[in-house]
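Structure assessment
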Amino acid sequence: MKAVVVEQYAPIDQIGLQETGMPVAGPGQVRVRVEAASIGFVDGLKVEGRYQTKDPLPFTPGAEFAGVVDAVASDVTGFAPGMRVMGAARSGALAEYIAVPATAVEIMPDGLSMEAAAAFRTNYLTALYGLGERGTLSAGEQLLVLGAAGGTGVAAIQIGKLLGARVIAAASTEEKRNFAARFGADAVVDYTRTDWRDALKVETGGHGADVIFDPVGGEVSLQAFRSIAWNGRHLVVGFAAGAIPALPFNLPLLKGGLLIGVDVAQIARREPEAQTRVMTQLSAWLNDGKLVPVVGQVFAFADFRAAFRTMQTRAALGKMVVRIG
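This one's a predicted model, so the numbers in the text were calculated from it and none came from an experiment.

Observations regarding the pairing of strand β9 (residues 166–171)
Of all six residues that make up β9, five are buried, and the element is covered over most of its length. Bridge count between strand β8 (residues 142–146) and β9: five bridges; the pairing is parallel. Its bridge partner lying in β9, Leu143 is registered against Val167. Regarding topology, helix α4 (residues 151–162) serves as the crossover connection from β8 to the parallel β9, and that connection is right-handed. Traced from β9 through helix α5 (residues 174–182) to strand β10 (residues 187–190), the parallel crossover comes out right-handed.

Topic: the packing of helix α3 (residues 121–134) against α4
One can describe the packing of α3 onto α4 by two numbers: an axis separation of 8 Å at closest approach and a directional angle of 50°. When the interaxial angle is binned, α3 and α4 end up oblique. Between α3 and α4 lies a crossing of right-handed hand. Here Asn123, Tyr124, Ala127, Leu128 and Leu131 of α3 come into contact with α4, specifically with Gly151, Thr152, Ala155, Ala156, Gln158, Ile159 and Gly160. Grouping the amino acids of the contact of α3 with α4 by side-chain chemistry returns seven nonpolar, five polar and no charged.

Considering unusual backbone geometry
Residues Leu57 and Pro58 are joined by a peptide bond in cis, for which omega reads -15°. Inspection of the secondary structure assignment puts Pro58 in the loop between α1 (41–47) and β4 (64–72). Positive phi outside glycine occurs at Thr136, with the angle close to 40°. With respect to the helices and strands, the residue Thr136 is situated in the loop between α3 and β8. Phi angles above zero are rare outside glycine, and Asn231 is one such case at about 65°. What makes Asn231 partly exposed here is its relative accessible area of 47%.

A short note on helix α10 (residues 272–288)
Compared with an ideal rise of 1.5 Å per residue, which puts 17 residues at 24 Å, α10 spans 24 Å between its outermost C-alpha atoms and is within 8% of the ideal. Taken residue by residue, α10 has Ala274, Gln275, Val278, Met279, Leu282, Trp285 and Leu286 as its buried positions. Within α10, the buried residues cover an arc of 125° as seen down the axis, which keeps them to one side. Away from its buried face, by an angle of more than 90 degrees, α10 presents the exposed residues Glu273, Thr280, Asn287 and Asp288. Of the surrounding elements, those touching the buried residues of α10 are β5 (84–88), β7 (105–107), α3, α4 and α9 (267–270). Count one or two residues on from α10 and you reach Gly289, which has phi positive near 75°.

Calculation notes
Residues numbered from 1 in each chain as written. Predicted model: local features only at pLDDT ≥ 70, side-chain atom pairs only at ≥ 80, totals over all residues. Heavy atoms only, no water. Buried < 20%, exposed > 50% of the residue type's maximum accessible area, 1.4 Å probe, protein only. Helix = DSSP H or I, 4+ residues; strand = E, 2+ residues; numbered from the N terminus. Pairing = 2+ DSSP bridges. Right-handed = clockwise from strand over helix to strand, strands pointing away. Axes fitted to C-alpha atoms, helices over the stretch in contact; angles between N-to-C directions. Parallel < 35°, antiparallel > 145°, perpendicular 65-115°, else oblique. Left-handed = near helix turned anticlockwise from the far one by under 90°. Contact = heavy atoms within 4.5 Å. Nonpolar A, V, L, I, M, F, W, Y, C, P; charged D, E, K, R; others polar. Expected span 1.5 Å × (residues − 1). Arc of directions from axis to C-beta.

Structure follows, in structure tokens:
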């Protein structure tokens, strides 16, 4: 089969497709013929060896996928060849086939495209876990979403609206702000302007943001925290801007605000009950048609590098998807 193979940590232009052996569905596993895989910010860091944990070399990047079950181990029940599934793994999705534990996949809801299924799990799990479980966002509260046109940002907009919040989307270009508004943002602000906090103050009626969803980092994070409401919650999701900000401790004191980490990579192990609650709710919204995952640009398998470059230059609208099958 063909797969993207990282033999040495390197920029994406130095990574290529290779012929590799087919994976075997071992005990407790299913093998999936991958039709679509998504690419997130973390995937780009892993390829270059810049993520906080390193995948052992050689490895195939990509954590989320959708496809058709191809083979099932004898001890696995509930799955059979031909079933349409979506799933997540530590790595290995940018390949024509992947073998994963049966617990890592679930049957796709009817009507969901392969591209949407591949772009769904991590972004929407992050958004609902962050906003619902960690941020305790309530109906009627003001939600500020930074990096609102990215994959997790637009997911946070949609989830925020489903939870009943008023959503203010912050993004750096008019195209991105229009994109955020298209998927439900009640208002938009341009955080590249020096006076953007004044615009935010107007939009919140002087109240400030009750919850800040922040996958961006850098200076904009510090400025956003300065505009938090009393008893507000600032959710630290990631650092797409590249810089990890240092928050002066007097700001939480003066604002009565909370700084809360959101790391979905750990919740299956540390908070399995929370993950079950979140995934159950997301599945219900999907099946009811209340939630339609946003698919960004779709790339052919041979053009996987372009998908990485688009994501890494922060030009992406939504999550990048590579069509494999």
